[in-house]
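This is what each chain is made of:
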Amino acid sequence: MTARELDAAGITEPELRAAYTRCRELNARHGRTYFLATRLLTPGRRPAVHALYGFARWADDIVDSLDSTAGPHARARALDRLDADLARGLAGGTGAEPVVRALADTARRYAIDHRHFADFLAAMRSDLTTASYATYTDLRRYMHGSAAVIGLQILPVLGTVAPRRQAEPYASELGVAFQLTNFLRDVGEDLDRGRVYLPEDLLAAHGVDRGLLRHCRATGSSERRVVHALREFASLTRAAYRRAAPGIDLLDPVSRPCIRTAFVLYGGILDAVAGTGYAVLHRRAAVPRRRRALVAADGLVRLAAARTAARLAGSRTVPPAAPPAPHAAVRSPRGHEEAV
């Protein structure tokens, strides 16, 4: 976190500044596409987005890290500790973990509904016991907590030109679109974790099962049935992007370049996957660096124009609510690449 960003956000207490800096480091290291887009936010809003991402990344690593030798029970206990720390942080404004201290402060500043964090941790906990989803409807139910609520958490930070409730369905759907993209890109890595996020009925319709996916992963081979299933899943993902797109124009104009850039770059991952012939079981598709640079440059131009217009005409956004008194502690009922 740069001192300029922290100063712009009004974050002055040294320990809290260090906590936000830790979140920024997690974003920069693990969420390259998302971090690039975040650079297109006004400096005062960046720390809050880093805090939200940092916490999600921290929880996701507890559940998913392939570097850890911890078993399911140890991961569940670590998630329980994080959940309890979060409840204390949201109730009292502090926490043992830096990511919790930054998140609690962001939740207070932007009046973010604590239920979104509870739903997120419940989804993370389900990853410890659920290895597949029978239908797309079942997958969407899981993604409410793992992805849709991320959009809802970030929306108050971005600001809107319409009542927040009007923008919420689009923010939720964009979170889902981003995660569906990750699921498609990371099929091979998720399989190594013992999970398949592609719905079982979609796979079965193309004659694909977990055994065939494992065979292709192990041998590096390509199978026509698998390609057809992955292509159908990509179509579902593109449909989510189309549903989410109208929400960008509901955002504060100075926040639109950030989200538009993320929208284009994440959508570009789908193109990159198709460009490999849907070889996601063998390698990780990525947007070419030149394409990323061009999209980011376009975002910078849009941001400069939006900030100039805001200075000339005055902001017409619906401002975030004034920081409320801390909410009552929220406890998760049962406890996510990049979400980035």
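Residues numbered from 1 in each chain as written. Predicted model: local features only at pLDDT ≥ 70, side-chain atom pairs only at ≥ 80, totals over all residues. Heavy atoms only, no water.

Description of the pattern of salt bridges
Then, number 1: Counting across every chain of the model gives 27 salt bridges.
Then, number 2: Notably, a salt bridge pairs Arg57 with Asp60, separated by 3.0 Å at the nearest N-O pair. Residue Arg57 and its partner Asp60 are located together in helix α4 (residues 46-64), separated by three residues, close to a single helical turn. Asp60 shares its class with Arg57; the two are buried.
Then, number 3: A salt bridge links Asp192 to Arg217; the nearest nitrogen and oxygen atoms lie 2.5 Å apart. Of the two residues, Asp192 is situated in helix α10 (residues 187-192) and Arg217 in helix α12 (residues 210-219); the sequence distance between them amounts to 25 residues.
Then, number 4: Taking relative accessible area as the criterion, Arg217 reaches 27% and is therefore assigned partly exposed.
Then, number 5: Counted as one network, the salt bridges with shared partners bring together Glu5, Arg24, Arg39 and Arg46. (Salt bridge = Lys/Arg side-chain N within 4 Å of Asp/Glu carboxyl O. Helix = DSSP H or I, 4+ residues; strand = E, 2+ residues; numbered from the N terminus. Buried < 20%, exposed > 50% of the residue type's maximum accessible area, 1.4 Å probe, protein only.)

Concerning helix α2 (residues 14-30)
Then, number 1: The end-to-end C-alpha distance of α2 is 25 Å, a good match for the 24 Å that 17 residues give at a rise of 1.5 Å each.
Then, number 2: Of the positions making up α2, those classed as buried are Leu16, Arg17, Ala19, Tyr20, Cys23, Arg24, Leu26 and Asn27.
Then, number 3: Its buried side turned inward, α2 meets α1 (3-8), α3 (32-38), α4 and α6 (98-110).
Then, number 4: Here α2 starts with a cap whose side-chain oxygen sits 3.1 Å from the backbone nitrogen of Glu15, and that cap is Glu13. (Expected span 1.5 Å × (residues − 1). Contact = heavy atoms within 4.5 Å. Polar contact = N/O pair within 3.5 Å; in protein donor to acceptor, adjacent residues only side chain to side chain.)

Topic: the environment of Ala171
Then, number 1: Position of Ala171 among the secondary structure elements: in helix α9 (residues 164-185).
Then, number 2: With 20 residues separating them in the primary sequence, Ala171 and Gly151 have C-alpha atoms 4.7 Å apart.
Then, number 3: If sequence neighbours within four positions are ignored, Ala171 has contacts with Gly151 and Leu155.

Things to note about unusual backbone geometry
Then, number 1: Backbone geometry places Ala111, a non-glycine residue, at a positive phi of 50 degrees.
Then, number 2: Structurally, Ala111 is set in the loop between α6 and α7 (115-126).

Comments concerning the packing of aromatic side chains
Then, number 1: For the structure on display, the rule yields eight aromatic pairs.
Then, number 2: Relative to Tyr142, the ring of Tyr133 has its centre 5.2 Å away and its plane inclined at 35 degrees; by these criteria the two rings are tilted.
Then, number 3: Classification of Tyr133 by relative accessible area gives buried; the value is 8%.
Then, number 4: With relative accessibility at 8%, the residue Tyr142 sits in the buried group.
Then, number 5: Seen in terms of ring centroids, Tyr142 and Tyr197 are 5.9 Å apart; in terms of plane orientation they differ by 25 degrees. Their pairing is stacked. Here the residue Tyr142 occupies a position in helix α8 (residues 136-158), and Tyr197 occupies one in the loop between α10 and α11 (200-205), the gap between them amounting to 55 residues.
Then, number 6: Residue class for Tyr197 comes out buried when judged on its relative accessible area of 5%.
Then, number 7: Through a chain of ring-to-ring contacts, three or more aromatic side chains come together here, namely Tyr133, Tyr142, Phe183 and Tyr197. (Phe/Tyr/Trp six-rings, centres within 6.5 Å; stacked < 30°, edge-to-face > 60°.)

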